[in-house]
Amino acid sequence: MEITCYRDQEISHEPRFLPAATYNLAITLLARSETRNLFVPIRAMQYLAILDAEEFVFLDGERKCWIDIAWRNFRSSARTSLEQPVEYDVVYYRHGQAAIMTRLQTEFPRALQALASKAKLDGPARVIKFPAPRA
């Protein structure tokens, strides 16, 4: 599927933290995607999240191809544990998006879980062995 998205001028941006479970699940689902992008319908809000390696963008069902909010600059390498939240930047392209952002933080993880529950895993799992640390 191909979707062309447009952006208005950036209104504002702010740093945020994404819970580890949400970030880890999003990256896992994205890694399983053959196209290296992921479409996540957020039905409770009539939004669509489009994920790629650089950012997660959110489109309102009424405005179709216009990005309302983008999450970008994920700083996952700053974590010392996979259980730590990931700092990122939220970019707003419309005024008055604080309430939408609050809802996205609740509904996006739910939408990811719903997508993960439908995912079909083909083939066996691979276990990667890391060398033991030398004393």
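Everything below is about the structure printed above this text.
Keep in mind that what you see is a predicted model, and the values were worked out from it rather than measured.

K.L.:
Now, about the environment of Leu51: what can you tell me, with residues and values included?
P.N.:
In this structure, Leu51 sits in strand 4 (residues 47-51). When the C-alpha atoms of Leu51 and Phe39 are compared, they prove to be 6.5 Å apart, with 12 residues separating the residues in sequence. Non-local contacts of Leu51, meaning those with residues more than four positions away in its chain, are made with Ala26, Leu30, Arg36, Asn37, Leu38, Val40, Phe56 and Phe108.

K.L.:
Report on the side chain of Gln97, specifying residues and quantitative values.
P.N.:
The topology assignment puts Gln97 in the loop between strand 7 (86-92) and helix 2 (98-118). By relative accessible area, which is 6% here, Gln97 ends up buried. Excluding residues that lie within four positions of it along the chain, Gln97 makes contacts with Tyr47, Asp68, Ile69 and Tyr92.

K.L.:
Report on unusual backbone geometry, specifying residues and quantitative values.
P.N.:
A positive phi angle is found at Gln46, which is not glycine, with a value near 60°. Looking at the element boundaries, Gln46 is found in the loop between strand 3 (38-42) and strand 4. Even without glycine at this site, Lys64 takes up a positive phi of about 50°. Within the secondary structure, Lys64 sits in the loop between strand 5 (55-60) and strand 6 (66-72). Among the residues examined, Lys64 registers a relative accessible area of 61% and is labelled exposed.

K.L.:
Which residues make up the environment of Phe130, and what values go with them?
P.N.:
By the element assignment, Phe130 lies in the segment after helix 2. C-alpha of Phe130 to C-alpha of Thr106: the two residues are 24 residues apart in sequence and 35 Å apart in space.

K.L.:
Go over helix 2 with me, naming the residues and quoting the values.
P.N.:
Within an α-helix, residues lying three or four positions from one another point in the same direction, as the helix has 3.6 residues per turn. Under the 1.5 Å per step criterion, the end-to-end length of helix 2 is 30 Å for 21 residues, consistent within 8% with the ideal 30 Å. In the structure, helix 2 departs most strongly from a straight axis at Leu104, where the bend amounts to approximately 35°. Taken together, the buried positions of helix 2 are occupied by Met101, Leu104, Glu107, Phe108, Ala111 and Leu112.

The rules behind each value
Residues numbered from 1 in each chain as written. Predicted model: local features only at pLDDT ≥ 70, side-chain atom pairs only at ≥ 80, totals over all residues. Heavy atoms only, no water. Helix = DSSP H or I, 4+ residues; strand = E, 2+ residues; numbered from the N terminus. Contact = heavy atoms within 4.5 Å. Buried < 20%, exposed > 50% of the residue type's maximum accessible area, 1.4 Å probe, protein only. Expected span 1.5 Å × (residues − 1). Bend = angle between axes of the 7 residues up to and from the residue.

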